[in-house]
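Secondary and tertiary structure notes
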Protein chains: 6
Amino acid sequence: MPYVNIKITDEAVTAEQKKQLIEGATQLLVDVLNKNPATTVVVIDEVNTDNWGVGGEVITERRKQGK
Amino acid sequence: MPYVNIKITDEAVTAEQKKQLIEGATQLLVDVLNKNPATTVVVIDEVNTDNWGVGGEVITERRKQGK
Amino acid sequence: MPYVNIKITDEAVTAEQKKQLIEGATQLLVDVLNKNPATTVVVIDEVNTDNWGVGGEVITERRKQGK
Amino acid sequence: MPYVNIKITDEAVTAEQKKQLIEGATQLLVDVLNKNPATTVVVIDEVNTDNWGVGGEVITERRKQGK
Amino acid sequence: MPYVNIKITDEAVTAEQKKQLIEGATQLLVDVLNKNPATTVVVIDEVNTDNWGVGGEVITERRKQGK
Amino acid sequence: MPYVNIKITDEAVTAEQKKQLIEGATQLLVDVLNKNPATTVVVIDEVNTDNWGVGGEVITERRKQGK
């Protein structure tokens, strides 16, 4: 029954990587809490780097600075 | 005042269907809890089938299998 | 597969009312989008009125004013 | 460490405005709770006006009515 | 219409501080995007330090280390 | 920079299990996307079984039926 939401920046994430995130998060809930994978839901949100900030700085700017 | 967030896969949902979801969710809060519809907010997130997993499987793959 | 999150204030919502919200939201997705109820998830968050604001006012204050 | 999620309609919000939202929300947490800005995360979701409802009405419709 | 969700750890945040967060976040949306404060919603989630991690470490542990 | 939100039912999850979820989710983002763990945030929400539904049924009821 768990629900996992993963928010990441939309920087060329491949379908294969998304598959691995979904499999990995589902397995984590099985391993740690013995949850039923059949009803475990994982949703990945890809967010534009203009729309994400850390430390008061937009990620787009941080990327330009090599952060 | 309630806030309702509906996450669904982005599989050709029409503007009319979104309208029905917004009306229906707002009415549900009126019917069950007598909430003021004027300040009830409904937000629908449409998620790519590559970004949604159930049972450790990506929805894109499940669709190919007719699930 | 839909995921519905309902956020409401924690003002004496009964288990029966929560049941009705869960049933109603699940049915709404069946009616409008023909979604499979078996994998539809509904999560209700009850939020303290000190932690919710509308119009820049805390709900606790609005309640005192009869809003 | 705070996490702030701002959901707005996708009505021509500029990169400069997003920057101001990220800076302002980060500063708010510093000012009110003395939080460390370095680990404060702000994520802005822009939502299509077809996917957002208030008062049981879709925002797209409200905009046509000048609301 | 904006919706702002602020997640912070539940470390003795006062009602006054929550009020300031709600007022400040609502004002930020007015200042930057000229949004109508009457329909702006702010929800504050207070999360136990056992339930929050940064850098793979639980906040409860980081606090013991003076972080 | 990733943000991971894990929602589970509040059924006697221990601090040690929460620690494993936080470590595991952080490591998953490192392994799959090479993300910097220092700014990866994980938040666990524990939800009462009265407030969670699957298949239109409240989890509290499902547990009584041995599901």
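Refer to the structure presented above.
Please read all numbers here as calculations on a predicted model, not as lab measurements.

The rules we used
- Residues numbered from 1 in each chain as written.
- Chains lettered and ligands numbered in written order.
- Predicted model: local features only at pLDDT ≥ 70, side-chain atom pairs only at ≥ 80, totals over all residues.
- Heavy atoms only, no water.
- Helix = DSSP H or I, 4+ residues; strand = E, 2+ residues; numbered from the N terminus.
- Expected span 1.5 Å × (residues − 1).
- Contact = heavy atoms within 4.5 Å.
- Buried < 20%, exposed > 50% of the residue type's maximum accessible area, 1.4 Å probe, protein only.
- Pairing = 2+ DSSP bridges.
- Right-handed = clockwise from strand over helix to strand, strands pointing away.

As a further point, take helix α1 (residues 15-33) of chain E. For α1(E), spanning 19 residues, the distance from its first C-alpha to its last is 27 Å, which sits close to the expected 27 Å at 1.5 Å a residue. Buried residues along α1(E) sit in contact with β3 (52-54) and β4 (57-58) of chain C, β1 (3-9) and α1 (15-33) of chain D together with β1 (3-9) and β2 (41-47) of chain E. Immediately beyond the C-terminal end of α1(E), within one or two residues, lies E:N34, with a positive phi of roughly 60°.

Residue and element names in this part refer to chain C. A positive phi angle is found at A12, which is not glycine, with a value near 55°. Tracing the sequence through the fold places A12 in the loop between β1 (3-9) and α1 (15-33). Judged by relative accessible area, which is 70%, A12 ranks as exposed.

In this section: the pairing of strand β1 (residues 3-9) of chain F. Of all 7 residues that make up β1(F), 7 are buried, and the element is covered over most of its length. Of the two faces of β1(F), the one holding F:Y3, F:N5, F:K7 and F:T9 and the one holding F:V4, F:I6 and F:I8 are both buried throughout. Bridge count for strand β1 (residues 3-9) of chain A against β1(F) is 5 bridges, and the pairing is antiparallel. Looking across to β1(F), one finds that A:N5 is bridged to F:N5. Looking at chain direction, β1(F) and strand β2 (residues 41-47) of chain F are connected through 7 bridges and run parallel. Across the sheet, the residue bridging to F:I6 is F:I44, located in β2(F). Crossover handedness for the path β1(F) to helix α1 (residues 15-33) of chain F to β2(F): right-handed.

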